[in-house]
Amino acid sequence: MKAVVTELIWEEGLEILREQGEVKYDQNLWKSDNLLETIKDADLLIVRNQTKVTRELMEQAPNLKVVGRLGVGLDNIDVAAAKELNIKVVFARNANAVSVAEYVFSAMFAFSRPLEKASQDVKKGNWNRKLFTREEIYGKTLGLVGVGEIGARLASRAKAFGMNVIGFDPFLPPYELACTDIGVCMDSLEKVLAESDYLSLHVPLNDQTRNLINRDSIKTMKKTAYVINTARGGVINEDDLYEAIKSGEIAGAALDVLVKEPPQGNKLLELENVIVTPHIAGLTEEAQVRTSELVARECLKVLKGQGSMCIVR
Ligand SMILES: NC(=O)c1ccc[n+]([C@@H]2O[C@H](COP(=O)([O-])OP(=O)(O)OC[C@H]3O[C@@H](n4cnc5c(N)ncnc54)[C@H](O)[C@@H]3O)[C@@H](O)[C@H]2O)c1
Ligand SMILES: O=C(O)CC[C@@H](O)C(=O)O
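Quick caveat: nothing in here was measured; it's all calculated off a predicted structure.

Caption draft 1: Here's a closer look at the site of ligand 1. The environment of ligand 1 is formed by 25 residues, the closest being Glu149, Asp169, Thr230, Asp256 and Gly282. Within the contact set of ligand 1, an oxygen atom lies 2.6 Å away from a side-chain nitrogen or oxygen of aspartate 169. Between aspartate 256 and ligand 1, the recorded distance is 2.9 Å, taken from a side-chain N or O atom to a nitrogen atom. Its free accessible area being 860 Å², ligand 1 has 86% of it covered by the protein chains. For the shell around ligand 1, the residue count by class is twelve nonpolar, nine polar and four charged.

Caption draft 2: A look at the packing of helix α1 (residues 11-18) against helix α12 (residues 285-303). Taken N-terminus to C-terminus, the directions of α1 and α12 make an angle of 20°; their axes are 7 Å apart at the nearest point. Here α12 runs roughly parallel to α1, going by the angle between their axes. By crossing handedness, the relation of α1 to α12 is classed as right-handed. On α12, the residues touching Glu12, Gly13, Ile16 and Leu17 of α1 are Val289, Ser292, Glu293, Ala296, Arg297 and Leu300. Of the residues contributing to the contact of α1 with α12, the split by class is five nonpolar, two polar and three charged.

Caption draft 3: Summary view of the nonpolar core. In this structure, Val145, Leu199, Leu201, Val227, Leu241, Ile250 and Leu255 are the most contacted members of the largest nonpolar core, which totals 30 residues. Sequence-distant contacts of isoleucine 250, defined by excluding residues within four places in its chain, comprise Ile218, Met221, Lys222, Lys223, Ala225, Val227, Leu241, Ala244 and Ile245. Grouped together as the second largest cluster of nonpolar side chains are 22 residues, Ala101, Leu154, Ala158 and Tyr226 included.

The rules behind the values
- Residues numbered from 1 in each chain as written.
- Chains lettered and ligands numbered in written order.
- Predicted model: local features only at pLDDT ≥ 70, side-chain atom pairs only at ≥ 80, totals over all residues.
- Heavy atoms only, no water.
- Near = heavy atom within 4 Å.
- Polar contact = N/O pair within 3.5 Å; in protein donor to acceptor, adjacent residues only side chain to side chain.
- Areas by Shrake-Rupley, 256 points an atom, 1.4 Å probe, with all protein chains shown as cover.
- Nonpolar A, V, L, I, M, F, W, Y, C, P; charged D, E, K, R; others polar.
- Axes fitted to C-alpha atoms, helices over the stretch in contact; angles between N-to-C directions.
- Helix = DSSP H or I, 4+ residues; strand = E, 2+ residues; numbered from the N terminus.
- Parallel < 35°, antiparallel > 145°, perpendicular 65-115°, else oblique.
- Left-handed = near helix turned anticlockwise from the far one by under 90°.
- Contact = heavy atoms within 4.5 Å.
- Core = buried A, V, L, I, M, F, W, Y, C linked by side-chain atoms within 4.5 Å.
- Buried < 20%, exposed > 50% of the residue type's maximum accessible area, 1.4 Å probe, protein only.

Set out below in structure tokens:
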């Protein structure tokens, strides 16, 4: 068995792979000229979100049987082409969901109780108690767009903080079940947009969700609302978001993901009420150990013809 890993992976996963065969690992391989040459005799290809797993790439590797994704979003993999080429795609189902849910809490608290900003102010010699008086998240409404693995974990934690949780997810059957089981009141996108104090996005990026949050949808939101995006940059129209925050149509945004990563000339970075992080919502030690072990094990199971719960259907 030859495995090629083109991006950052935790050692725990590499060890599992090395027990079963040859492993070529270079975390910069995804952007190297050697990529095609290295994968040409690979049985297994393991990537994160930067390797573009196109039909052309997979066709260069006639032995390739499995592509493993060290994460959840599949927008960098041509899943339809993989199916046609009889290559299975395995992903890290649920492995980083808790970490992303906790990230969303840091984002909500960064707006509602900005400790970091207050501390920096005190260190400058100030004692601005009134300036840093904000609001509780208790009683506020958290709106979820997409109530899958992350949305569900975020919802249960938000309920523990006394938030109202509402959600939009047209693919969750049936609405009543979701409502009683995890405490989310499912509703239309219009209602979720209109009622949220914090709007958190948890949908995959695809033709249906691209630019889902745009000038028109933002206009229907509360002026005091914050948007938190850990999904994919393309789910929000960044020009529209910039204009909306600049003109006070909504209060601000926390963005872990951007259309272009790392950003180049992104005007959103100029705004005081925009927090931007370098795609780290799923990056915790726990999630990455879990992810690397899960993807390595499940890919090997698929190679051995044993099937897996983590194959993309
Ligand atoms: N920033 C990060 O580090 C990070 C980490 C993990 C996942 N993600 C992103 O978050 C996304 C969600 O992850 P997940 O584990 O919750 O995935 P998931 O598949 O468990 O949940 C996605 C949910 O979105 C719903 N959905 C799909 N299309 C929709 C639409 N048009 N409108 C409303 N709902 C829709 C699905 O029915 C599903 O319930 C991933 O696809 C990925 O892009 C980012
Ligand atoms: O690959 C990464 O590091 C990002 C992971 C995250 O965006 C995901 O989709 O799981």
